[in-house]
Amino acid sequence: MLDIITIPVLSDNYIYLLHESVTGETAVVDPAQAAPVMRILAKKGWRLDYIFNTHHHADHVGGNLQLKQQTGCKIIAAESDRQRIPGIDIGVNDGEQILLGERKIAILATPGHTSGHIVYYCAESQVLCCGDTLFSLGCGRLFEGSAEQMWQSLQKLKALPPATRLYCAHEYTQANGRFALTLEADNPTLMQRIAEVNALRKLNLPSLPSNIGLELATNPFLREHSPSIRKSLAIPEDASATRVFAEIRRLKDHFH
Ligand code: ZN
Ligand code: FE
């Protein structure tokens, strides 16, 4: 079993604690801060074995050094980001597998938001920690990659089983939903998801995890094939999927 605890920090970040209950091994994904993680570990009586970083941005690695100093945990991150991940111990590459206790976790490279971005996928537990690559109803901004590269990365995630739960690093769903509606107002699943998210957020509850199946049905960045999205964009009807994706990303960058 993999127990997952969601820790909201900063204005809209989520830190996830993954606890493998057979061996008691615990990992924290993208600790923006150390103190909130230490508090939960103490409350649960868990020791911290690993930090899993998806990429080098400060709101994902901010707690690395303090957690390592206080717990002796090992820090896992992309080998290609070795120079910019504070305290990195183990560099991993696309397609490699790591272990959290008895659970196998696959590393998938998903460049686009940053060049070294990776995600952590546990097939047995149907869990995907996707950092800033895929959000509910959105995707990460292209800081270091091209639209083509991000589109390729998202194809990998689209291909995972629909029941796969998505643990994204930010609570962006409401704002993403407002943008998605401008492109596909006639999508009933999208309307329903937005209503559910509004209700959750009103209670200050996370809109996550989402899942791959729900995102395939609602997330405009995974729906380049949708005729109504294509119609909403000022591009040729036969535009390629990557062209449609790039245009959606461009519009979102300017949407407020
Ligand atoms: Zn980021
Ligand atoms: Fe971030």
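As shown above, the structure is provided for reference.
So, here's what we can say about the structure. (Residues numbered from 1 in each chain as written. Chains lettered and ligands numbered in written order. Predicted model: local features only at pLDDT ≥ 70, side-chain atom pairs only at ≥ 80, totals over all residues. Heavy atoms only, no water.)

Some points on the overall build of the protein chain
The condition that has to hold: Only DSSP runs of H or I covering at least 4 residues are called helices, and only runs of E covering at least 2 are called strands; the numbering of each starts at the N terminus. Radius of gyration means the value over C-alpha atoms here, while the globule rule gives 2.2 Å times the residue count to the 0.38 power. Residue exposure (1.4 Å probe, protein chains only): buried if accessible area is under 20% of the type maximum, exposed if over 50%, otherwise partly exposed. Contacts are residue-level and defined by heavy atoms, with any inter-residue pair within 4.5 Å sufficient. Using a 1.4 Å probe, accessible areas were evaluated by the Shrake-Rupley method; residue-level cover was limited to the displayed protein chains. For the purpose of charge, His is not counted, nor are the chain termini; Lys and Arg are scored as positive and Asp and Glu as negative. Each charge is placed at NZ for Lys, CZ for Arg, CG for Asp and CD for Glu.
When helices and strands are tallied, the protein chain shows nine helices and 14 strands. The globule rule puts the C-alpha radius of gyration for 256 residues at 18 Å, and the 18 Å found for the protein chain is close to it. With the C-alpha coordinates aligned to their principal axes, the bounding extent of the protein chain is approximately 55 × 40 × 30 Å. Taken over 256 residues, the protein chain has a buried fraction of 55%. Within the protein chain, contacts between residues separated by at least 24 positions form 58% of all contacts whose residues are at least 6 apart in sequence. Total accessible area computed for the protein chain in this model is approximately 10,900 Å², and 53% of it derives from carbon and sulfur atoms. Taking the 25 positively charged and 27 negatively charged side chains of the protein chain as two groups, their mean positions are separated by 4 Å.

Let's talk about the layout of surface pockets
Convention followed: Of the two site types, the cavity is a set of points on a 1 Å grid over the protein atoms alone where a 1.4 Å probe fits but cannot get out, and the pocket is an open set with protein on both sides within 12 Å along at least five of seven lines, each lined by residues with an atom within 4 Å of a point. Grid points are joined across faces, edges and corners, and a volume is the space filled by probe spheres set on the points.
Space inside the largest pocket adds up to approximately 400 Å³. Forming the boundary of the largest pocket are 20 residues, of which Arg141, Tyr172, Asn176, Arg249 and Lys252 lie nearest the centre. Each pocket or cavity is described by its volume, and for the second largest pocket that value is around 150 Å³. Lining of the second largest pocket is provided by Pro8, Val9, Leu10, Ser11, Asp12, Asn13, Tyr14, Glu171, Arg201, Asn204 and Pro206. Of all elements in the fold, only β1 (2-9) and β2 (13-20) reach the threshold of two or more residues within the lining of the second largest pocket.

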